[in-house]
Amino acid sequence: MKTGRAPTRDERRIAWVLWAVAFTALFLTEPAVGFVRDEGIYFAASQSYAGWFRLLFHSPSMALTDGAIVRAWDVNHEHPVLMKELYGLSHLLFHQTLGWLRPATALRLPAFAMAALVPALTFLLGSAIYGRAAALFAALSFLLVPRHYFNAELAAFDMPVAAMWMLVIYTFWRAMEDRRWGVWCGVAFGLAIATKHNALFLPFLLVPFALWRAWRESQRSPVAREWAWRFVGLFAAVAVLYLLLFVALGPVAFQKRFLPLSPHMLLFVGLAVGAFWMLDELHRVSEPTARALLPIATMAILGPVLFYLHWPYLWHHPVDRVAWYLNFHATHEHYAWFYLGDLMRAPPFPLAYVVVKTALTVPTSLFVPMVLGWLTVVGRGLLSLSERTRELVKRPSATETLVAVNAVFSILIISHPQVPHFGGVKHWIPSMPFLGLLAGVVVVGGCSALVERLRARRPSLPFAAVAVPVFALLMAPALIGLVRVFPYGTAFYSELAGGVPGAASLGMQRQFWSSHVTGVLPWINEHARPGARVYLHEVTGYSFQHYQQNGMLRPDLQPVWSPFDADIVAYQYHQEFREHEFNIWQAFGTRTPVTGLYLDETPQIVVYQRP
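Since the model is a prediction, treat every value here as computed from it, not as a measurement.

### Some thoughts on the overall build of the protein chain
In step 1: Counting its secondary structure elements, the protein chain contains 25 helices and seven strands.
In step 2: At 26 Å, the protein chain has a C-alpha radius of gyration in line with the 25 Å of a compact globule built from 611 residues.
In step 3: Dimensions of the protein chain, computed from the C-alpha atoms along their principal axes, are close to 85 × 75 × 50 Å.
In step 4: Within the protein chain, buried positions represent 54% of all 611 residues.
In step 5: In the protein chain, of all internal contacts separated by at least 6 residues, the share reaching a separation of at least 24 is 74%.
In step 6: Put simply, the protein chain shows about 26600 Å² of open surface, and 65% of that area lies on carbon and sulfur atoms.
In step 7: Of the charged side chains in the protein chain, 47 are positive and 36 negative; the average position of the first set lies 7 Å away from that of the second.

### Some details on the pattern of salt bridges
In step 1: Considering all chains together, one arrives at 25 salt bridges under this definition.
In step 2: Between Arg 291 and Glu 287 there is a salt bridge, with the nearest N and O atoms lying 3.2 Å from each other. Highlighted residues: Arg 291 and Glu 287, both in helix H15 (residues 287-310), separated by four residues, approximately one helical turn.
In step 3: Classification of Arg 291 by relative accessible area gives buried; the value is 9%.
In step 4: Residue classification places Glu 287 among the partly exposed residues on the basis of a relative accessible area of 37%.
In step 5: Ionic pairing is found between Asp 567 and Arg 533, a salt bridge with its closest N-O pair at 3.1 Å.

### Topic: helix H2 (residues 37-58)
In step 1: Its 22 residues give H2 an end-to-end C-alpha distance of 33 Å, which sits within 8% of 32 Å, the value for a rise of 1.5 Å per residue.
In step 2: Considered for burial, the residues of H2 that qualify are Glu 39, Gly 40, Tyr 42, Phe 43, Ala 45, Ser 46, Tyr 49, Ala 50 and Trp 52.

### Digging into helix H14 (residues 263-285)
In step 1: Relative to the 33 Å expected for 23 residues at 1.5 Å per residue, H14 spans 32 Å between its end C-alpha atoms, a close match to the ideal helical length.
In step 2: Taken residue by residue, H14 has His 264, Leu 267, Leu 271, Ala 272, Gly 274, Ala 275, Met 278, Leu 279 and Leu 282 as its buried positions.

### As for the side chain of Glu 30
In step 1: Within the secondary structure layout, Glu 30 lies in the loop between helix H1 (9-29) and H2.
In step 2: On the basis of relative accessibility, which here comes to 0%, the residue Glu 30 falls in the buried class.
In step 3: The residues contacting Glu 30, other than those within four sequence positions of it, are Arg 102, Ala 104, Thr 105, Arg 108, Phe 112 and Glu 153.

### Digging into the environment of Glu 78
In step 1: Its location among the elements puts Glu 78 in the loop between helix H4 (66-73) and helix H5 (82-97).
In step 2: C-alpha of Glu 78 to C-alpha of Pro 559: the two residues are 481 residues apart in sequence and 27 Å apart in space.
In step 3: Those residues in contact with Glu 78 that sit more than four places away from it in its chain are Trp 324, Tyr 325, Phe 328 and His 329.

### Overview of the nonpolar core
In step 1: Trp 73, Leu 125, Ile 169, Phe 231, Ile 524 and Leu 536 are the most contacted members of the largest nonpolar core, which has 186 residues in total.
In step 2: Ranked by residues supplied to this core, first place goes to helix H6 (residues 103-129) with 17 residues.
In step 3: When sequence neighbours within four positions are dropped, the list of residues in contact with Ile 524 reads Val 534, Leu 536, Leu 553, Arg 554, Leu 557 and Ile 568.
In step 4: Among the nonpolar cores identified, the runner-up in size contains 12 residues, and Val 569, Phe 577, Phe 588 and Tyr 608 belong to it.

### A word on the packing of aromatic side chains
Any aromatic ring pair is given by two values, namely how distant the centres are and how the planes are angled relative to each other.
In step 1: According to the stated counting rule, one finds 36 aromatic pairs in the structure shown.
In step 2: The interplanar angle of 10° and the centroid separation of 6.4 Å between the aromatic rings of Phe 23 and Phe 27 together place this pair among those described as stacked. With Phe 23 and Phe 27 both in helix H1 and four residues apart, the pair spans about one turn of that helix.
In step 3: The exposure class of Phe 23 is buried, given its relative accessible area of 18%.
In step 4: Among the residues examined, Phe 27 registers a relative accessible area of 29% and is labelled partly exposed.
In step 5: Between Tyr 353 and Trp 428, the ring centres sit 6.4 Å apart and the planes meet at 85°, which makes this aromatic pair edge-to-face. With Tyr 353 in helix H17 (residues 353-361) and Trp 428 in the loop between helix H19 (398-415) and helix H20 (432-454), this residue pair connects regions lying 75 residues apart in the sequence. In this pair, the class of Tyr 353 matches that of Trp 428, namely buried.
In step 6: These aromatic residues form a ring-pair network of at least three members: Trp 16, Trp 19, Phe 23, Phe 27 and Phe 112.

### Quick look at the sheet that holds strand S6 (residues 595-599)
In step 1: Across the sheet, which stays open at both edges, the five strands sit in the order S4-S3-S5-S7-S6 with mixed pairing between neighbours. Of all strands in the sheet, those with a lone pairing partner are strand S4 (558-559) and S6, marking the two edges.
In step 2: Strand direction decides the pairing type here: strand S5 (residues 568-572) and strand S7 (residues 602-609), joined by five bridges, are antiparallel. Directly across from Val 569, in S7, lies its bridge partner Tyr 608.

### What about the pairing of strand S3 (residues 533-536)?
In step 1: Pairing of S3 with S4 involves two bridges; the strand directions are parallel. Each residue of the ladder has a partner; that of Arg 533, found in S4, is Gln 558.
In step 2: The β-α-β motif built from S3, the intervening helix H24 (residues 541-549) and the parallel element S4 has right-handed crossover chirality.
In step 3: Where S3 meets S5, three bridges bridge the pair, whose relative direction is parallel. The residue of S5 that forms the bridge with Leu 536 is Ala 570.

### Digging into the environment of Leu 279
In step 1: Mapped onto the elements of the fold, Leu 279 is located in helix H14.
In step 2: Placed 257 residues apart in sequence, Leu 279 and Leu 536 show a C-alpha to C-alpha distance of 59 Å.
In step 3: Look past the residues within four positions of Leu 279 in its chain and what remains in contact with it is Phe 231, Ala 290, Leu 293, Leu 294 and Ala 297.

### As for unusual backbone geometry
In step 1: Look at the link from Pro 347 to Pro 348: it is a cis peptide, with omega at 5°.
In step 2: By the element assignment, Pro 348 lies in the loop between strand S2 (342-344) and H17.
In step 3: Going from Phe 486 to Pro 487, the amide bond is cis rather than trans, its omega being 5°.
In step 4: Phi is positive for Leu 340, close to 50°, though the residue is something other than glycine.
In step 5: Assignment of secondary structure puts Leu 340 in the loop between strand S1 (337-339) and S2.
In step 6: For Trp 513, which is not glycine, the phi dihedral falls at a positive 80°.
In step 7: Inspection of the secondary structure puts Trp 513 in the loop between helix H22 (499-506) and helix H23 (521-527).

### Comments concerning the packing of helix H11 (residues 202-217) against H19
In step 1: Relative to each other, H11 and H19 sit at 165°, their axes nearing to 11 Å. Considering their axes alone, H11 and H19 lie roughly antiparallel with respect to each other. Our pair here, H11 against H19, has a crossing hand that is right-handed. Side by side, H11 and H19 meet where Phe 204, Leu 205, Leu 206 and Phe 209 of the first sit next to Ala 398, Thr 401, Leu 402, Val 405, Asn 406 and Phe 409 of the second.
In step 2: Looking at the contact of H11 with H19 residue by residue, the classes come out as eight nonpolar, two polar and no charged.

Parameters and conventions
- Residues numbered from 1 in each chain as written.
- Predicted model: local features only at pLDDT ≥ 70, side-chain atom pairs only at ≥ 80, totals over all residues.
- Heavy atoms only, no water.
- Helix = DSSP H or I, 4+ residues; strand = E, 2+ residues; numbered from the N terminus.
- Rg over C-alpha atoms; globule rule 2.2 N^0.38 Å.
- Buried < 20%, exposed > 50% of the residue type's maximum accessible area, 1.4 Å probe, protein only.
- Contact = heavy atoms within 4.5 Å.
- Areas by Shrake-Rupley, 256 points an atom, 1.4 Å probe, with all protein chains shown as cover.
- Lys, Arg positive; Asp, Glu negative; His and termini not counted.
- Charge placed at Lys NZ, Arg CZ, Asp CG, Glu CD.
- Salt bridge = Lys/Arg side-chain N within 4 Å of Asp/Glu carboxyl O.
- Expected span 1.5 Å × (residues − 1).
- Core = buried A, V, L, I, M, F, W, Y, C linked by side-chain atoms within 4.5 Å.
- Phe/Tyr/Trp six-rings, centres within 6.5 Å; stacked < 30°, edge-to-face > 60°.
- Pairing = 2+ DSSP bridges.
- Right-handed = clockwise from strand over helix to strand, strands pointing away.
- Axes fitted to C-alpha atoms, helices over the stretch in contact; angles between N-to-C directions.
- Parallel < 35°, antiparallel > 145°, perpendicular 65-115°, else oblique.
- Left-handed = near helix turned anticlockwise from the far one by under 90°.
- Nonpolar A, V, L, I, M, F, W, Y, C, P; charged D, E, K, R; others polar.

Below, the structure written as structure tokens:
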């Protein structure tokens, strides 16, 4: 594995600049972005959690009872709470206490900080592996993808977990050369699983790399190899003992008897003590081998501990409530989704869905180098397996393999035909920074080849004279698409799809999450009579309330939940909801809308008013 070197002072400065620019851009453009369906419940949960922190400050004994915890933390307990805690505390400080920000901006502020970490960390990792130019291409292009930018504006979990994913990979990579980063890797993993359940898959990705590194480092030391085997054997033995307990007790009793003083907890404590003792002994024999295995121990021990500590809802009944949480996501409901003319309601889903969706939603000038970059690494790896072709290529290093695997790992998870397919591209955003790095390698390689040819005539030609215009040319379509579609990010489709109209003709989901309704709110504010009843299709009561609280919808307007009760209806154009429009025609006695939101003449929101 390539050296996990520390960044230089200049690289740290560039990373900070990237973070600051991304944060500022998101902060300045946020007021135009509507509230997605999920944000409504996240806003409510965040404010409920913040209320509990206030109670903890004023009456700790009352706040720490299970009854008080459940009252505050039962809201949206199907998701971990790290980001919601930050959203709620930000709202408490910047809106309620200081009055500096409107409610929605105060709630979303931590999301901007997390999203801005992605380009910064991408640059730090990429500059050490591939050089600053490739890293800069990846970092700059990431938020130019319109759907990435849209998700970065939201007080949700998809962009934060992408940032945490990148942080775990970065700390893991640094841990190969610095044992302190092995500890930070465990901390980062704990924060990642406290952000969203996607991160639970990270050990399946990282443990093989750690074991391979340990195997390579212990080749010349039989004693180190022996201690490494003991370390692996300890984890295997604990896993077997847990399995035997599960079989002997049965699922219900195993769960009920997982108490602070139980064999279950004794096994966990034994694993922690034994793992760190073995690593200490191994460190005396072979420091590189110990460094390679340290992230396994810290993720296994610190991860669950931090997950438990960050979530008060778990404190009194950790096993039962964690089991419920895991089961909720293991049996997650399937939402209807329109894909290439088919309305997908239940599995099995198309195997190629994620790849096709990515191709149709990432600007083509960025998607093509991503694919070429990944195929190049895979091609080099395959060619290096054969003796006949091994000398023709450079075998990918372990670090390059780590990047290439991360580039497709979350894509492969979602691609399984039984996994729910909805939410556009947000569920595999963790793969996108790594695809961006591979794209940067291809682009910089092309620029270098062009510079070599041009220097035959102009020997003093600087690399930047070629790279800057090439970067600008490749990023311009993404920037133009972002500006054209903003703030309606879920409607963006690439050149391969034929843009927004082409995607509609292909039978793709035009938009989702209900945030596009902001495009017609000014018309409703101007034309609705005082106290009018308004049905905002697909907009939750939470979001309706937040539109009014944030000055985007008149406070006198009343929400209703059926076109038959409404004076004005804003219908969200969804294939699975077409019957709603027929109901509107019947209720209003007209099929003629009064206004709407149209992107490139493609209907997104259609507004009807009762005659």
